[in-house]
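Each chain, letter by letter, is given below.
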Amino acid sequence: MGRREKPIDTRSGPVGAFAGDLRKLRAAAGNPSYRQMASAALYSPSVLSDAAGGHRLPTLPVALAFARACGGDPQEWEQRWREARGGGAPTEPLTPIGVDEMAAAEPGQPRPAQLPIGPHDFVGRMAEFDGARAAMVGIADSRVPVIVRGPVGIGKTTFALRFAHQLTAEFPDGQLFADMATRRADDTAPLEVITGFLHALGVPPDQVPDDDMHRIGLYRSMLAERRVIVLLDNVKDEPQVRPLLARSLNSQIVVTSRSRLLGLDGVRRITLGPLSRVESIDLLRLLIGSDRVRAEHAAGLRIAEFCGHLPLALTIAGRKIAAQPGRRLSEIAGRLADGVNVSNWLRIGDISLADVVLPAYLALPPLAKHVLHMLAGGADEVTPTTLARALHISIESAEYAMDSLIDGGLLHRVSTPDRYLMSPLIGQLVTQEADRFAIRRDQDQLHTDQLRAAIGFTEGGFTH
Ligand SMILES: Nc1ncnc2c1ncn2[C@@H]1O[C@H](COP(=O)(O)OP(=O)(O)O)[C@@H](O)[C@H]1O
Ligand SMILES: [Mg+2]
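Residues numbered from 1 in each chain as written. Chains lettered and ligands numbered in written order. Predicted model: local features only at pLDDT ≥ 70, side-chain atom pairs only at ≥ 80, totals over all residues.

Draft legend 1. Representation of the overall build of the protein within the structure. If you tally the helices and strands in the protein, you get 22 helices and 11 strands. When each of the 464 residues of the protein is scored for burial, the buried share is 40%. Taking as baseline every contact in the protein between residues at least 6 positions apart, the subset at least 24 positions apart corresponds to 72%. (Helix = DSSP H or I, 4+ residues; strand = E, 2+ residues; numbered from the N terminus. Buried ≥ 20, exposed ≤ 12 C-beta atoms within 10 Å, placed from the backbone. Contact = placed C-beta atoms within 7 Å.)

Draft legend 2. Geometry of the pairing of strand β2 (residues 174-179). Among the six residues that make up β2, five are buried, leaving the element largely enclosed by the rest of the structure. For β2 and strand β3 (residues 228-233), the ladder comprises six bridges, and the chain directions are parallel. Paired with Asp-179 across the strands is Asp-233, a residue of β3. (Pairing = 2+ DSSP bridges.)

Draft legend 3. Region of the structure containing the site of ligand 1. In the vicinity of ligand 1 lie 19 residues, with Gly-155, Lys-156, Thr-157, Thr-158 and Pro-311 positioned nearest. If you list the elements that add at least two residues to the shell around ligand 1, you get α7 (156-167) and α14 (311-322). A per-class count over the shell around ligand 1 returns eight nonpolar, eight polar and three charged. (Near = placed C-beta within 6 Å. Nonpolar A, V, L, I, M, F, W, Y, C, P; charged D, E, K, R; others polar.)

Draft legend 4. Region of the structure containing the nonpolar core. Counting 96 residues, the largest nonpolar core has Leu-232, Val-254, Ala-313 and Leu-372 as its most contacted members. Setting aside its immediate chain neighbours within four residues, Leu-372 contacts Tyr-361, Leu-364, Leu-405, Leu-410, Met-422 and Val-430. One finds Ala-19, Leu-57, Trp-77 and Ala-84 within the second-largest nonpolar core, a separate group that totals 24 residues. (Core = buried A, V, L, I, M, F, W, Y, C linked by C-beta atoms within 7 Å.)

Draft legend 5. Fine view of the environment of Pro-7. Considering the arrangement of structural elements, one finds Pro-7 in the segment before α1 (13-28). Overall, Pro-7 belongs to the exposed group, with 10 C-beta atoms counted inside 10 Å.

Draft legend 6. Region of interest: the packing of helix α17 (residues 353-362) against helix α21 (residues 424-432). Running from N to C, α17 and α21 cross one another at 80°; their axes reach a closest spacing of 10 Å. The orientation of α17 relative to α21 falls into the category roughly perpendicular. Counting all contacts with α17, which are made through Leu-353, Ala-354, Val-357 and Tyr-361, the residues of α21 involved are Ile-426, Leu-429 and Val-430. Across the contact of α17 with α21, the residue classes tally to seven nonpolar, no polar and no charged. (Axes fitted to C-alpha atoms, helices over the stretch in contact; angles between N-to-C directions. Parallel < 35°, antiparallel > 145°, perpendicular 65-115°, else oblique.)

Right, dumping it as structure tokens:
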């Protein structure tokens, strides 16, 4: 049951009446809490409660999300919203950046709908959704590309898909999607993607310019004219995405990447971290079943801790446990505490933690690999300074190693800027898999001088 709300000011006219109607709808739905509604509506509890506050008319997407979360008919509520707005009510801009209204798509124009569906079970990230919405707002109503970044398996793709689906009503001319991980790692990749997007937007193949600049220009012009959302998933580096970026009044670009893509201008970044304890338990509950998790809450938490609150690990663990209905969570938690092979345990169907972590590890430069082994040995939070001191290397070299680990998706930021942590789960995985990947364990024991030689360190920095 939700908290009691303040009565609506009866002088607030159609806006107050609309808020009153929203409250009635919520009451008829059994008064779900705003937190419960938020997980269905994808807006934060405060945005939803504000919608029924009666102070101002909510935006149409918020009003529809509220109605949907309480089982209301979207068409009926859109009609009511338009009536309330027509009554001369002061309105908030429809989106944080002020689209006039959710206009219908142009008739006769192709309307691509390329977004894959995301996972059904979704938890948390409310603050990040609000952050991403705020990040979209540029100068003079332009829309800024938003980069969703964070370590491997943290939920970047899932978040970006959810966010893009949440925005589809505001971008009626369609959704474009490209998984950049499946593309060649050279500069033909963005141009090929642009060609595909132009076709999807209705440009006949013989009218796609051969010249790179013209092709990019046509794509950007179309984004300026149409209202589309573009999701570029798993971007590796800046050159892979730069030609695809545009600042447009009408279209929104969302990028996911392990890398911070610090070379890009004019973008905003949202960083995802591990789930909170409550969110991890919520996810396990969705995957395993509320009863089982409620009955053994402490064991559930121990399993979540083992997973480092990493959504990918939690998802695999949850599905695995769900497939073993007879086993007690405390027995599973006990086994994990005794030590398991992480690569074998966190694997189900065709998904596996090792399959995403090990390629990220193997792509690291030698010094970064060494630092990872050092951190896997149980180091605390690190900063470039603590690392430089521990390894007797220059701060610049330490920064380089840390940047490689962060942008490779193997370190995550702790609350304070500049302090980073490696999930013990990832450390365990890489250490256990060392032999399989011919990782030299004895490197850890090397004397610093030998290590410097082994990694190509020179006094001025090091040669990579
Ligand atoms: N917020 C979330 N709620 C529930 N499950 C999630 C969430 N974020 C991620 N997941 C799950 O974790 C797995 C990894 O997420 P994904 O988005 O692929 O990570 P990334 O793109 O950062 O590598 C997905 O299969 C998804 O099911
Ligand atoms: Mg991804």
